[in-house]
Amino acid sequence: MILADLNKDNVNFGLPSVIAEICDYLNRQDLAALTLGRHDITADIFMNVMEFETAEADSKKAELHHRYLDVQLLISGSELIEYGVGNPDLSAYEDYQEEDDYQLSAQQIKDKNSVVLKPGMFAVFFPYEAHKPGCNIDGKSGTVKKLVVKIPYTLL
């Protein structure tokens, strides 16, 4: 997992080149004006722009991916994301949805941590890193607008 802020002057420092290129691309966009839905960035990389209400973490399922990295960038609002970087117990997950590259689990994330994203901040989740985005902060829900860039891990 990588945590960074798109607004930092040196945001690309130390990032894998494909993630640095995505940061450059995003810095050229008017993020607040992005329409909801899917946007193709390259032939292999795309992003989904969404807006939703956060919810209690216990009401949400953890997710993980097999083929894609998630670059989750907050555009407006704030959200808590629970995550784990250890090896997940895949037997606690529902069947893998190959077409959309995800697996879900109602179980607690093993060795759970959390991070609060504010506008401009992003988190990168690598394949098999469990994460539960869109959670309330201090029990309070709020509206968030965010984007999730999907990068095939083979591009690293």
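Residues numbered from 1 in each chain as written. Predicted model: local features only at pLDDT ≥ 70, side-chain atom pairs only at ≥ 80, totals over all residues. Heavy atoms only, no water.

**Q** Let's hear about the pairing of strand 9 (residues 121-125): which residues, and what values?
**A** Most of strand 9 sits out of view: five of its five residues are buried. Residues of strand 9 alternate between two faces, with Met-121, Ala-123 and Phe-125 on one and Phe-122 and Val-124 on the opposite face, all of them buried. Sheet topology places strand 1 (residues 2-5) next to strand 9; four bridges connect them, and they run antiparallel. The partner of Asp-5 across the bridge, within strand 9, is Met-121. (Buried < 20%, exposed > 50% of the residue type's maximum accessible area, 1.4 Å probe, protein only. Helix = DSSP H or I, 4+ residues; strand = E, 2+ residues; numbered from the N terminus. Pairing = 2+ DSSP bridges.)

**Q** Mind laying out the sheet that holds strand 11 (residues 143-152), listing which residues take part and the relevant values?
**A** Across the sheet, which stays open at both edges, the six strands sit in the order 1-9-5-11-3-2 with antiparallel pairing between neighbours. Unpaired on one side and paired on the other, strand 1 and strand 2 (37-40) mark the two borders of the sheet. Across this sheet, the average inter-strand angle for adjacent strands is 20 degrees, counted without regard to direction. As defined by bridge partners, strand 5 (residues 68-76) adjoins strand 11 across eight bridges and the pair is classed as antiparallel. Its bridge partner being in strand 11, Leu-74 is matched across the sheet by Lys-146. Across the sheet, helix 1 (residues 17-27) touches strand 1, strand 3 (46-53), strand 5, strand 9 and strand 11, and the angle it forms with strand 11 is around 140 degrees. (Axes fitted to C-alpha atoms, helices over the stretch in contact; angles between N-to-C directions. Contact = heavy atoms within 4.5 Å.)

**Q** Which residues make up the nonpolar core, and what are the values?
**A** Judged by nonpolar contacts, the single largest core of 26 residues is most densely connected at Leu-26, Met-47, Phe-122, Leu-147, Val-149 and Ile-151. Counting only elements with at least two residues in this core, the list comes to helix 1, strand 3, strand 5, strand 9 and strand 11. Sorting elements by how many residues they give to this core places helix 1 first, with seven residues. Ranked by size, the runner-up nonpolar core spans nine residues in total, among them Tyr-83, Ala-123, Phe-125 and Val-144. (Core = buried A, V, L, I, M, F, W, Y, C linked by side-chain atoms within 4.5 Å.)

**Q** With reference to specific residues and values, describe the side chain of His-131.
**A** By the element assignment, His-131 lies in strand 10 (residues 131-135). What makes His-131 buried here is its relative accessible area of 0%. Among residues more than four places away in sequence, those in contact with His-131 are Ala-62, Glu-63, Leu-64, His-65, Asp-70, Gln-72, Ile-81, Glu-82, Tyr-83, Ile-109 and Phe-125.

**Q** Could you give me a rundown of the packing of aromatic side chains, with the residues and numbers involved?
**A** Taken as a whole, this structure holds two aromatic pairs when the rule is applied. Taken together, a centroid distance of 6.0 Å and an interplanar angle of 70 degrees make the contact between Phe-46 and Tyr-68 edge-to-face. Of this pair, Phe-46 sits in strand 3 while Tyr-68 is found in strand 5, placing the two residues 22 residues apart along the sequence. The same class applies to Phe-46 and to Tyr-68, which are both buried. Summarising the aromatic geometry, the rings of Tyr-83 and Phe-125 are spaced 6.3 Å apart at their centres and angled 50 degrees between planes, so their arrangement reads as tilted. (Phe/Tyr/Trp six-rings, centres within 6.5 Å; stacked < 30°, edge-to-face > 60°.)

Keep in mind that these numbers describe shape and distance, not what the molecule does.
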